[in-house]
Amino acid sequence: MDPALTPEQDAVRRTLREALAKNCGPEQVRAAAAGPEGYDRALWQQLSEQLGLPGLALPAEYGGAGLGPVELALACEETGRALLPSPLLASSVLAATLIDLLGTDEQRTALLPGLASGERTAALVLAASPAFALGLIPVDRGDGLPDGTAAGGGRAGGIQARPAPEQPDGSRTPAGPAAPQAPPAGPGADWLLYGEAEQALDGARADLLVVAAHTGGFPRSRTVLFLVQGDAPEARRSRLAAMDHTRALGRVELRDAPAVPLGDPARDAGPALGRTGLLAAVAIAAEAVGAADQCLARTVEYVQVRKQFERAVGSFQAVKHRLADVYVAVETARSAVHYAAWALEQGEDEGTAVPLALAHALDALRTAAAEAIQLHGGIAITWEHDAHLYFKRAAADELLFGPPHLLRTLAAERAALFSRPRVRSGQVSRKG
């Protein structure tokens, strides 16, 4: 791996940083997050038209830039630095990646150009916690790999899918909850989804919902992804009050909502969810690194002007030590994220590098945000201070995509760290 950035990668980072510095200050972040859509649509259109941000990592044949995880990580580091409220993670990383991985040629051609241009947005609706459903934390199936069961909610609860009842003319049309069950249908049949999901990123505002639902009953139990129009009357959506206002969470209730399978409904979506989870983890980790770096920069700037005992607070050795520890944590996380993005792009050691990078990044952001509040003194205790925007992001990301110790546990399981022989007192022990 060459740690030096290419001119193209440096241009991505520099251009996005300049645009966000002009249009995404703390007050603008608060105003955008408090708006009805949860983000500034005009700024999103500007970033889409001028920089191609939504399609950065999408294939060029569908209107994207055709770049990889490394460029996506660099862009997310800048959006995290500004805490940009946007559909980038939910639409461009989660939903669009799954459409690209699982969709038919017709579905990719119809959906991806609109997502790549930013004209439309999509959201991934999961019945379970994103960290669990995307395979970011360990699952109890023996090999640490996701099988998709958690994403749809399993055989009971969550979101259930069934083929729409067959009509006398042979067609399948949406029916109410009391309609009789129909025999299993082919790939082109219409389906009905029933259930609900909490904590759907951008679930209350997206134009298109990519819903993970359980189907197949006991003998062929699996999770399948379905496409549901966001404005469907059978899809009731509401925005939830969240700790981090810059990440809009929605509650989605489906009451026999008509849906179309994403790709082949006989195929379990677990491997695709796991692959998408790795890319999402790199993006989330990069955002955390950017946010942590901004916390550190603002804290260093403040301790140089805040005085105590007629000296700048930053001149005290104890303060220098604390900030040095934060600096080491941020740079360690940045190196881990860049390596994880490169490994994901190259297909090398992605099962361990990505969870470790996310764990490092979440730890770095939590440390940087906590130190920012402490070293800003009394003014940072109030919720209105900018430091709390980063503190809330740190806490919310750990709840949604962590916690770090479980991310490290997953990496250890995938690396078979506890199953290798270990030498004890001259003997070989195979006990983990």
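As the structure is a prediction and not an experimental result, all values here were calculated from the model. (Residues numbered from 1 in each chain as written. Predicted model: local features only at pLDDT ≥ 70, side-chain atom pairs only at ≥ 80, totals over all residues. Heavy atoms only, no water.)

Bringing the confidence of the model for the protein into the picture now. Caution applies to low-pLDDT regions: their predicted coordinates should not be interpreted in detail. With 86% of its residues at a pLDDT of 70 or more, the protein shows a mean pLDDT of 87. When the criterion is pLDDT under 50, residues 175-189 qualifies, and its contacts beyond four places in sequence or with other chains add up to 29 contacts. Contacts of residues 422-432 to residues separated by more than four positions or lying in other chains number 12 contacts, the stretch itself having pLDDT below 50. (pLDDT = per-residue confidence, 0-100. Contact = heavy atoms within 4.5 Å.)

Okay, the pattern of salt bridges next. Note that side chains of opposite charge can pair when their charged atoms are close. Enumeration according to the criterion identifies 29 salt bridges in this entry. For Arg393, the salt bridge identified is with Asp244, shortest N-O distance 2.8 Å. Of this pair, Arg393 sits in helix α12 (residues 387-401) while Asp244 sits in the loop between β6 (235-239) and β7 (249-261), and the two are 149 residues apart along the sequence. Across the pair, Asp244 and Arg393 agree in class, each one buried. Here Asp363 makes a salt bridge to Arg366, at a shortest N to O gap of 3.0 Å. With Asp363 and Arg366 both in helix α11 (residues 350-376), this residue pair falls 3 residues apart, about one helical turn. The class of Arg366 is partly exposed, set by a relative accessible area of 37%. What you see here is one network of salt bridges that share partners, running through Arg17, Glu77, Glu78, Arg81, Asp293, Glu331 and Arg334. (Salt bridge = Lys/Arg side-chain N within 4 Å of Asp/Glu carboxyl O. Helix = DSSP H or I, 4+ residues; strand = E, 2+ residues; numbered from the N terminus. Buried < 20%, exposed > 50% of the residue type's maximum accessible area, 1.4 Å probe, protein only.)

Along the chain, Arg81 falls in helix α4 (residues 69-82). Engagement of the side chain of Arg81 in a polar contact is seen with the side chain of Asp293, the distance being 2.8 Å. Apart from the residues within four sequence positions on either side, Arg81 is in contact with Arg17, Glu287, Gly290, Ala291, Asp293, Gln294, Arg334 and Tyr390. (Polar contact = N/O pair within 3.5 Å; in protein donor to acceptor, adjacent residues only side chain to side chain.)

The omega torsion of the bond from Gly402 to Pro403 falls at 5 degrees, within 30 degrees of zero and hence cis. When you line up the elements, Pro403 lands in the loop between α12 and α13 (404-414). Residue Leu83 is not a glycine yet carries a positive backbone phi of 55 degrees. Topologically, Leu83 is positioned in the loop between α4 and α5 (88-102). Residue Gln199 is not a glycine yet carries a positive backbone phi of 60 degrees. With respect to the helices, strands and loops of the structure, Gln199 is situated in strand β3 (residues 191-201). By relative accessible area, Gln199 is classed as partly exposed at 37%.

As a further point, take the side chain of Arg334. Structurally, Arg334 can be placed in helix α10 (residues 317-346). Among the residues examined, Arg334 registers a relative accessible area of 14% and is labelled buried. Aside from chain neighbours lying at most four places away, what touches Arg334 is Glu77, Arg81, Val289 and Asp293.

What follows concerns the packing of aromatic side chains. Tallied over the full model, the rule gives 2 aromatic pairs. Seen from their ring centres, Trp191 and Phe226 are 5.3 Å apart, and the 50 degrees between their planes marks the pair as tilted. With Trp191 in strand β3 and Phe226 in strand β5 (residues 222-229), this pair connects stretches of sequence that are 35 residues apart. Assigned by exposure class, Trp191 and Phe226 land together as buried. An angle of 35 degrees between the planes, with centres 5.7 Å apart, marks the rings of Tyr339 and Trp342 as tilted. Linking Tyr339 with Trp342, this pair stays in helix α10, spanning 3 residues, or about one helical turn. Here Arg255 stacks its cationic end above the ring of Tyr194, 5.0 Å away from the centre of that ring. The ring of Phe316 has Arg311 lying over it, and the distance from NZ or CZ to the ring centre is 4.5 Å. (Phe/Tyr/Trp six-rings, centres within 6.5 Å; stacked < 30°, edge-to-face > 60°. Lys NZ or Arg CZ within 6 Å of the ring centre and 35° of its normal.)

Our focus in this paragraph is the pairing of β3. In this sheet, β3 lies alongside strand β2 (residues 159-163) in antiparallel orientation, the contact comprising 5 bridges. In the strand pairing of β3, Pro163 is matched with Trp191. Relative to β7, β3 is paired through 9 bridges, and the arrangement is antiparallel. When the bridges of β7 are listed, Ala197 appears paired with Val252. (Pairing = 2+ DSSP bridges.)

Okay, helix α3 (residues 41-51) next. Helical periodicity: at 3.6 residues per turn, an α-helix aligns residues three or four positions apart in one direction. Listing the buried residues of α3 in full gives Leu43, Trp44, Leu47 and Ser48. Along the axis of α3, the buried residues cluster in a sector spanning 135 degrees; they form a single face. Those residues of α3 that are exposed and angled more than 90 degrees off the buried face are Ala42, Glu49 and Gln50. Of the surrounding elements, those touching the buried residues of α3 are α1 (7-23), α5 and α6 (105-117). With a side-chain oxygen positioned 3.1 Å from the backbone nitrogen of Ala42, the residue opening α3 is Asp40. Just beyond α3, the residue with positive phi is Gly52, at close to 65 degrees. (Arc of directions from axis to C-beta.)

Here the focus is the pairing of β7. Across the 13 residues of β7, 10 count as buried, placing the element largely inside the fold. Sheet topology places β5 next to β7; 2 bridges connect them, and they run antiparallel. Note that in β7 the partner of Leu227 across the bridge is Val260. Across 5 bridges, β6 lies against β7 in antiparallel orientation.

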